[in-house]
Amino acid sequence: MDQDAQSPINNSLSNRQLSPEPKRTSRRKVLKYGAAALAGLSCGSAAVCYVARRARSATAAAVFKNGAPKGELWELWRRRGWVKEAQHYLKLGRNVQCKLCPNECLLEPEDRGRCRNRVYKDGTLWTMAYGNPCAFHIDPIEKKPLFHFIPGTGVFSIATAGCGFRCLNCQNWDISQRKPEETKDPRGEPIQLLPRQFYSLDRNDAARMSMFPDDVLAVAEFFGCPSVAYTYSEPTAWYEYMIDTAKAARAKGIKNVWVTCGYIQEEPLVELCRYIDGANVDLKSFDENVYRRLNSGKLEPILSTLKTLRREGVHLEVTNLIVPTYTDRPEMIRRMCDWLVENLGPDCPLHFSRFHPAHKLTHLPPTPVEVLVEARSIAQRAGLHYVYVGNCREVDDAETTFCPGCKKPVIERNVYSVETINLEGGKCRSCGTEIAGVWS
Ligand code: SF4
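Everything numeric in this text was worked out from a predicted model, so none of it was measured.

A. Inspection of unusual backbone geometry at higher detail. Geometrically, the link from Lys144 to Pro145 is a cis peptide bond, its omega value of -10 degrees lying close to zero. Within the element layout of this structure, Pro145 appears in the loop between strand 8 (135-140) and strand 9 (154-159). Here Asn66, not a glycine, exhibits a phi torsion of approximately 55 degrees, which is positive. Residue position: Asn66 is located in the loop between helix 2 (45-57) and helix 3 (71-79). Judged by the 14 C-beta atoms lying within 10 Å of it, Asn66 falls in the partly exposed class. For Val415, which is not glycine, the phi dihedral falls at a positive 55 degrees. By the element assignment, Val415 lies in the loop between strand 17 (409-414) and strand 18 (417-421). In this structure Val415 comes out as partly exposed when scored by C-beta crowding, with 14 C-beta atoms within 10 Å.

The structure is reproduced here in C-alpha cells:
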C-alpha cells in the first residue's frame, strides 16, 4: 500500500450500490462444497489427492455465495468490456478453484471470490476488474514508496476495487474492500478518456469511464511518466488488467511498478516478473499469528514472493508498517530484519512506515516516534544498508539515502520530493561505491 495513499480520483459508489452484498460462505458449507467438488471429478487417484489437499487448504477463504452479478448489470459490464476470462484457475467438475492467490477460492456457479473481483458464471471464471480503474493519479515514485527507482520522476498510478486481504488498518478500504460495481457505473454513455482532459474529469465521468491498457499508456506518455504503477488496492486481485497493461508498457519502453501485499501463487508471479521492473512488497509483520489476526492472511507465501522477486531480478523494496500492539515488538522486527539480510541481501531498501488510525483500528494511537527510531536502529544493526522511516516528519534523515561506503548522503528527500542527488552512473560521487537501484 502506498504511503499516505489516497487518490483524487477515487470512486466509491457506496450510496448508489448496484447490487446488494451477498452472504458469505460458512466454514461448514465450504467443507461440504469441497467434498462436492471432489465428487464431481473424474480423474486418477493422484490428481484427486492433489485436489483434496488444495481443497483443504482453501477452507479458510470465505467466498461470496451466489454473489456474481446478474441480469442487466452483468450485461452492461460485459458491453463495456470490463469482463475478461480470468487466468490461473482449475475446473473441478461443475465448480472451479482460483489459483491466483493463496486463498484458493472454491467457487460454485454464480459465486464470487474473496477478492470480490472474480465471478464464476456460465462455466467460466471471469474477472470483473478489467479496464475500469476506480483510482488513478500521477504520483511521485517516492510515494509508492520506491526510493531506489528512477528518483524524482512521476508514476502514473492506477487501481481497481478489490483485495484478497482484510487488513484491520487498511488506509484504502473504500476501494480495496469494495466490489467493482460499488466503484464504477456502466450506465449511460461511455466516456472516452482524452489525456489532455485528465485533470478535469469529475467523479461521475470517472465512474463511467473505461481505461484499457492502451489508454493507460497514452496518459503516461502524455504526462511524461517513465513508469506505470499498479497500486492503492491489491493489484493481484486485478491481475489480468495489470499484466496486459504491463506487457503493453514494456513494448513501449515504459517501466512497470507493482505495489503489493505479495499474496500470490508462484506460477502467476513468475509470469508477472517478466514484465515488472520494480516492486514494493508490504511485509506486514513477521508472525503468522499477527498475519491471521491483522490481515486475514499468511506470512509464508509473502516470504516466498520476496524470494521469487529477488531470484527473478525485479528491483525490490520492502515496507513494514508498525502498528501499535500488533507489529511493534522489537524482537519480531529484529527477526524480520535478519531474514531480509539473509534472504534478500543487505542492499534491499526497507521502509518502516508510521501507522495512523484507520478503518477498524481507529482506537489505536499513531506509532510513537521512538518506536520508529528504534526499529530503524534494529534494521541498521542487522546489516541493512538502506533503512527509511515514512509518514513521519519528526525523525531526522528519515528519507535520506546514505552511501554504505563513505556514509555521506547520496540522495536527500523532503517528503516526496528529491532535493539532492549525489550519484554518478549509480555510484556515490564521493567514494565511487555502487548504490543498489534502478537509476535511469
Ligand atoms: S484471486 Fe480472488 S478469487 Fe482468486 S483465490 Fe485470490 S481471493 Fe480468491
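Structure's up, so let's keep going.
B. Structural detail: the sheet that holds strand 2 (residues 84-85). If you walk across this open sheet you meet the three strands as 2-7-6, and the pairing is antiparallel. Each end of this open sheet is capped by a strand with a single partner; those strands are strand 2 and strand 6 (118-121). As paired strands, strand 2 and strand 7 (residues 124-127) are joined by two bridges and run antiparallel to one another. From the neighbouring strand, Glu85 faces strand 7, where its bridge partner is Trp126.

C. Structural view of the site of the ligand. Around the ligand sit 13 residues, and of these Cys98, Cys101, Cys105, Gly113 and Cys115 come closest. Considering only residue class, the shell around the ligand consists of seven nonpolar, three polar and three charged.

About the criteria used
Residues numbered from 1 in each chain as written. Predicted model: local features only at pLDDT ≥ 70, side-chain atom pairs only at ≥ 80, totals over all residues. Helix = DSSP H or I, 4+ residues; strand = E, 2+ residues; numbered from the N terminus. Buried ≥ 20, exposed ≤ 12 C-beta atoms within 10 Å, placed from the backbone. Pairing = 2+ DSSP bridges. Near = placed C-beta within 6 Å. Nonpolar A, V, L, I, M, F, W, Y, C, P; charged D, E, K, R; others polar.

Take it as geometry only, folks, not as evidence of what the structure does.
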